[in-house]
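# Examination of the molecular architecture
Residue strings, one per chain:
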Amino acid sequence: MNVSRQSPFRCLVTGASRGIGAAIVDDLAHLGYPIAMTARTESDLLAVASTLTVPNLVIPGDVTDPHAADMIVQRVVSEWNGLDVLVINAGEGISAPITRTDDALWARMMEVNLNAPFRFIRAAVPTMKEQGFGRIVVIASVASRVGAPYISAYTAAKHGVLGLVRSAAAELSSYGITVNAVCPGYVDTPMTARTVDSIVSNTGRNRDEVLHTLAQEQGHGKLIQPQEVAAAVRFLICDQGAINGQGITLDGGKVQI
Ligand SMILES: NC(=O)c1ccc[n+]([C@@H]2O[C@H](COP(=O)([O-])OP(=O)(O)OC[C@H]3O[C@@H](n4cnc5c(N)ncnc54)[C@H](OP(=O)(O)O)[C@@H]3O)[C@@H](O)[C@H]2O)c1
């Protein structure tokens with residue numbers, strides 16, 4: 001691996017306590033990178049930290065708190081004197097028909113999936129500009145690319161975050177900073193398990209049948225593994241800077257835009 005800044009990168013991963021975030025932490029740790037982790041539940045973060053042999057920081061926080069991004073980024077920068085890799089992964093998907101998407105649900109989806117990523121990018125950019133190097137990856141979704149029933153708020157937020165990625169990339173490329181997204185279909189994580197539970201309880205359908213239906217949403221008929229998302233993140237952060245403002249879709253070939 002030959003990148004423009006000397007490894008090991010100092011990394012910050014949001015939503016690091018389970019699912020995709022925990023897989024990204026594990027992958028970056030195998031590269032020997034120091035990793036700061038945030039999520040709301042400190043005990044879950046400490047459980048992930050206990051598996052690591054690389055230097056690590058556990059910084060609990062709710063990313064929807066308007067002050068969280070500044071506080072968390074400042075803490076990492078002051079501990080490690082810089083920040084090279086920011087992976088914005090914390091997110092939440094709640095489904096509802098449009099007529100039952102109230103203002104609170106709409107605002108909640110925007111806050112965690114769009115506003116918080118914006119605040120993290122804004123908080124990290126001054127340090128990355130000063131370093132002349134930064135790698136930012138947002139975990140977006142196929143919902144950043146196409147619409148689907150019952151997820152209008154989530155889809156709007158995830159479309160928005162891909163716009164944020166593209167614009168930030170265009171603005172920051174001359175500073176040695178890249179900003180990219182990974183756009184997975186259904187991933188085998190607790191979030192998808194909650195989706196299955198919700199469909200089962202709303203429809204009375206059999207759990208295995210629901211899982212099969214969700215797997216068929218991907219072109220290859222399988223759920224994406226969190227490790228596959230982590231591998232795409234690794235690819236993007238180790239790039240020399242040519243790949244910028246892109247969203248890499250991981251869904252077995254179904255969505256091709
Ligand atoms: N699973 C999928 O099928 C799928 C598909 C496409 C995209 N994605 C995206 O991938 C990302 C991760 O999804 P996942 O499946 O790994 O979800 P998950 O299993 O529910 O994990 C979510 C992580 O984010 C943290 N988090 C959630 N809300 C937070 C908040 N307000 N403040 C701080 N941390 C918060 C959670 O910890 P705490 O609860 O302790 O805070 C947890 O660490 C999300 O952005 C999601 O939209 C997922």
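Everything quoted here is computed from the prediction, not taken from an experiment.

For the rest of this paragraph, the subject is the packing of helix H3 (residues 68-80) against helix H4 (residues 103-131). Look at H3 against H4: their axes get within 8 Å of each other, and the N-to-C directions meet at 30°. The angle between the axes of H3 and H4 places the two elements in the roughly parallel class. You can see that H3 and H4 cross each other, and the crossing is right-handed. Together, Ala-69, Asp-70, Ile-72, Val-73 and Val-77 of H3 and Arg-119, Phe-120, Ala-123, Ala-124 and Thr-127 of H4 make up the contact between the two elements. In terms of residue class, the contact of H3 with H4 is made up of 7 nonpolar, 1 polar and 2 charged.

What follows is about helix H8 (residues 226-237). Over its 12 residues, H8 extends 17 Å from the first C-alpha to the last, a length consistent with the 16 Å expected when each residue adds 1.5 Å. Looking at H8, one finds that the buried residues are Pro-226, Val-229, Ala-230, Ala-232, Val-233, Leu-236 and Ile-237. Buried residues along H8 cover an arc of 160° about the axis, so they all sit on one side.

Turning our eyes to something else, we now look at the side chain of Thr-38. For Thr-38, the position within the fold is in strand S2 (residues 35-38). Once residues within four sequence positions are removed from consideration, Thr-38 is found in contact with Leu-12, Val-13, Thr-14, Gly-15, Ala-16, Leu-45, Ile-59, Pro-60, Gly-61 and Ile-72.

Lining the immediate environment of the ligand, one finds 31 residues, of which Ser-17, Arg-40, Thr-41, Tyr-154 and Thr-189 sit closest. Here an oxygen atom of the ligand and a side-chain polar atom of Arg-18 are 3.3 Å apart. Thr-189 is positioned such that a nitrogen or oxygen atom in its side chain is 2.5 Å from an oxygen atom of the ligand. For the ligand, the accessible surface in isolation is 880 Å², of which the surrounding protein chains cover 97%. Top contributing element to the shell around the ligand by residue count: helix H6 (residues 190-203), with 4 residues. Split by residue class, the shell around the ligand holds 14 nonpolar, 12 polar and 5 charged.

This part covers empty space enclosed by the protein. Under the criterion given, the structure shown has 1 cavity of 30 Å³ or more. Lining the largest cavity, in full, are Ile-88, Asn-89, Ala-90, Val-112, Asn-113, Pro-117, Val-138, Ile-139, Lys-158 and Val-161. Elements represented by at least two residues in the lining of the largest cavity include exactly H4, strand S5 (134-139) and helix H5 (152-172). Per element, the largest residue contribution to the lining of the largest cavity is 3 residues, and it comes from H4. Class assignment of the residues belonging to the lining of the largest cavity gives a composition of 7 nonpolar, 2 polar and 1 charged.

Let us now look at the domain arrangement of the chain. Along its sequence, the chain is organised into domain 1 (11-185 + 224-250) and domain 2 (186-223). Averaged C-alpha coordinates put domain 1 and domain 2 at centres separated by 24 Å. The interface of domain 1 with domain 2 comprises 13 residues on the first partner and 11 residues on the second. Across the domain 1/domain 2 interface, buried area totals approximately 880 Å², and carbon plus sulfur atoms make up 58% of it. Its largest share of buried area at the contact with domain 2, domain 1 owes to Arg-18, Gly-185 and Ile-224, together 52% of the area lost on that side. Where domain 1 packs against domain 2, one counts 3 residue pairs in polar contact (both at pLDDT 80 or more). Put simply, the parts of the chain that give the side of domain 1 that touches domain 2 at least two residues each are helix H1 (19-30) and H8. Considering each element in turn, the side of domain 1 that touches domain 2 owes the most residues, 3 residues, to H8.

Of all hydrophobic cores here, the largest spans 40 residues; its most connected members are Leu-12, Leu-86, Phe-120, Ile-121, Ile-136 and Val-179. Secondary structure elements with two or more residues in this core: H3, strand S4 (85-88), H4, S5, H5 and strand S6 (177-184). At 10 residues, the largest contribution of residues to this core is made by H4. In this structure Leu-12 touches Ala-36, Thr-38, Ile-72, Val-73, Val-76, Leu-83, Val-85, Leu-86, Val-87 and Phe-120, once residues within four positions along its chain are discounted.

As summarised here, the arrangement of the 7 strands in space is S3-S2-S1-S4-S5-S6-S7, forming an open sheet in which the pairing is parallel. For this open sheet the edge positions go to strand S3 (56-58) and strand S7 (247-250), each flanked by a neighbour on one side alone. Adjacent strand axes in the sheet meet at a mean angle of 15° when their direction is disregarded. Sheet topology note: the strand S1 (residues 11-14)/S2 ladder contains 4 bridges and is parallel. Residue pairing for S2: Val-13 is matched across the bridge by Met-37. Strand contacts of H4: S1, S4, S5 and S6, with the helix running at about 175° to S4, the strand carrying the most contacts.

The rules we used
Numbers given to residues run from 1 along each chain, matching the order in which its sequence is written. pLDDT decides what is reported in this predicted model: residues at 70 or higher carry local features, side-chain atom pairs at 80 or more are listed and counted, and totals for whole chains, interfaces and linings draw on all residues regardless. Water and hydrogen atoms play no part in the side-chain values, which are based on all heavy atoms of the structure. To define axes, lines are fitted to C-alpha atoms, for helices over the stretch in contact only, and angles between the resulting N-to-C directions are given on a 0 to 180 degree scale. What counts as a helix is a DSSP run of H or I of at least four residues, what counts as a strand is a run of E of at least two, and both are numbered from the N terminus. With respect to orientation, any angle under 35 degrees is reported as roughly parallel, any angle over 145 as roughly antiparallel, any angle of 65 to 115 as roughly perpendicular, and every other angle as oblique. Helix crossings are classified by the rotation of the near helix relative to the far one: an anticlockwise turn of less than a right angle makes the crossing left-handed, while a clockwise turn makes it right-handed. Residue contacts are counted whenever heavy atoms from the two residues lie within 4.5 Å of one another. Three classes are used, and their members are as follows: Ala, Val, Leu, Ile, Met, Phe, Trp, Tyr, Cys and Pro are nonpolar, Asp, Glu, Lys and Arg are charged, and the others, Gly among them, are polar. Multiply 1.5 Å by the residue count of a helix minus one, and that product is the helix's expected span. We call a residue buried when its accessible area falls under 20% of the maximum for its residue type, exposed when it is over 50%, and partly exposed in between, using a 1.4 Å probe and counting protein chains only. Working note: the arc is built from the helix axis to C-beta atom directions. What makes a residue near a molecule or strand is one non-hydrogen atom of that residue sitting within 4 Å of it. Counting of polar contacts relies on pairs of N or O atoms within 3.5 Å, with two restrictions inside protein: one atom must be capable of donating a hydrogen and the other of accepting it, and residues adjacent in sequence are counted only when both atoms are side-chain atoms. Where accessible areas are quoted, they stem from the Shrake-Rupley method and a 1.4 Å probe; at the residue level, only the protein chains shown are allowed to cover. A pocket, in this scheme, is an open set of points on a 1 Å grid over the protein atoms alone with protein on both sides within 12 Å along at least 5 of 7 lines, while a cavity is a set where a 1.4 Å probe fits but cannot get out; residues line either one if an atom lies within 4 Å of a point. Grid points are joined across faces, edges and corners, and a volume is the space filled by probe spheres set on the points. How far each domain reaches was decided by an automatic or database domain assignment. Buried area counts how much accessible surface, traced with a 1.4 Å probe, disappears from two parts once they are put together, with both parts' losses summed. What is meant by a nonpolar core is a set of buried Ala, Val, Leu, Ile, Met, Phe, Trp, Tyr and Cys residues, joined one to another through side-chain atoms within 4.5 Å. Any two strands with at least two DSSP bridges between them are considered paired.

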